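Analysis of the macromolecular model
Listed below are the residues making up each chain.
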Amino acid sequence: MAKTFSFRCADAGVPCRAKITGETEEEVLAKAVAHAKEKHGVDLTQAQTLARYARSAIKET
Ligand SMILES: [Zn+2]
């Protein structure tokens, strides 16, 4: 069984119901970066602390 990882904006304190899933932490983080930029106007690649926080909020499911 393949592992999956997920990240929810809500876990990072953002009032958003989006749930991002992927097969690797890197994939989830990349999707989270794209989502944050598109939906929230936040560039996580420029906000290192936020990116780190998002990474820590990614859970193995
Ligand atoms: Zn969101």
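Let me sum up the structure you'll find in this document.

Each value, and the rule that gives it
- Residues numbered from 1 in each chain as written.
- Predicted model: local features only at pLDDT ≥ 70, side-chain atom pairs only at ≥ 80, totals over all residues.
- Heavy atoms only, no water.
- Helix = DSSP H or I, 4+ residues; strand = E, 2+ residues; numbered from the N terminus.
- Contact = heavy atoms within 4.5 Å.
- Areas by Shrake-Rupley, 256 points an atom, 1.4 Å probe, with all protein chains shown as cover.
- Buried < 20%, exposed > 50% of the residue type's maximum accessible area, 1.4 Å probe, protein only.
- Pairing = 2+ DSSP bridges.
- Core = buried A, V, L, I, M, F, W, Y, C linked by side-chain atoms within 4.5 Å.
- Axes fitted to C-alpha atoms, helices over the stretch in contact; angles between N-to-C directions.

Moving on: the overall build of the protein. When you go through the protein residue by residue, the secondary structure sums to two helices and three strands. The secondary structure elements of the protein, listed N-terminal to C-terminal, are β-β-α-α-β. Within the protein, residue pairs in contact and separated by at least 24 positions form 42% of the contacts whose partners lie at least 6 positions apart. Summed over its atoms, the accessible surface of the protein is roughly 4,300 Å², and 52% of this surface lies on carbon and sulfur atoms.

Only one face of strand E2 (residues 19–22) is buried, namely the one carrying Ile-20 and Gly-22, since none of Lys-19 and Thr-21 on the opposite face is buried. Here strand E1 (residues 5–8) runs beside E2; their pairing, made up of four bridges, is antiparallel. Residue Phe-5 lies in a different strand from E2, and its bridge partner there is Gly-22.

Here the focus is the nonpolar core. One finds Phe-7, Ile-20, Val-28 and Ile-58 to be the most contacted residues of the largest nonpolar core, which totals 13 residues. Elements with a minimum of two residues in this core: E1, helix H1 (25–40) and helix H2 (48–57). It is H1 that provides the largest number of residues to this core, a total of three residues. Once residues within four sequence positions are removed from consideration, Ile-58 is found in contact with Phe-5, Ser-6, Phe-7, Glu-25, Val-28 and Leu-29.

It is worth spelling out the sheet that holds strand E3 (residues 59–60) at this point. Pairing is antiparallel in the open sheet, where three strands are placed in the order E2-E1-E3. At either end of the open sheet lies a strand with only one pairing partner, and these are E2 and E3. Packed onto the sheet, H1 meets E1 and E2 and runs at close to 145° relative to E2.

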